[in-house]
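# Descriptive analysis of the structure
The primary structure of each chain is shown beneath.
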Amino acid sequence: YEAIDGFYWRSLDTAEATLIPGRRGDDFLSSVAFSPDGEWIAFWTGPDRQLKKVPKSGGAGVLLGHG
């Protein structure tokens, strides 16, 4: 889910959420989705409309394409 300080993920078997390291809310634009294995998060970036993915543990985004 999105919050003021960034994006969080939470396992369905726990109530505690974890901030995705290195990701700030202004880097994400829309359409945030998890990969089928739950290890990656895909998202659209700001005005440049790039589709990227990032490991749920955080880190640099990997460019997948342009919108």
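A brief structural summary.

Conventions adopted
Residues numbered from 1 in each chain as written. Predicted model: local features only at pLDDT ≥ 70, side-chain atom pairs only at ≥ 80, totals over all residues. Heavy atoms only, no water. Core = buried A, V, L, I, M, F, W, Y, C linked by side-chain atoms within 4.5 Å. Buried < 20%, exposed > 50% of the residue type's maximum accessible area, 1.4 Å probe, protein only. Contact = heavy atoms within 4.5 Å. Pairing = 2+ DSSP bridges. Helix = DSSP H or I, 4+ residues; strand = E, 2+ residues; numbered from the N terminus.

## So, the nonpolar core
- Core analysis: the largest hydrophobic core is formed by five residues, namely Phe7, Ile20, Ile41, Phe43 and Val54.
- Discounting chain neighbours no more than four positions away, the residues touching isoleucine 20 are Phe7, Tyr8, Trp9, Ile41, Pro55, Lys56 and Gly58.

## A word on the pairing of strand E2 (residues 6-9)
- Bridge count for strand E1 (residues 2-3) against E2 is two bridges, and the pairing is antiparallel. Among the inter-strand pairings, alanine 3 is bridged to a residue of E2, identified as glycine 6.
- Following E1, the chain reverses through two residues before pairing antiparallel with E2.
- As paired elements, E2 and strand E3 (residues 18-19) share two bridges and run antiparallel to each other. Within E3, the position partnered with tyrosine 8 by the bridge is leucine 19.

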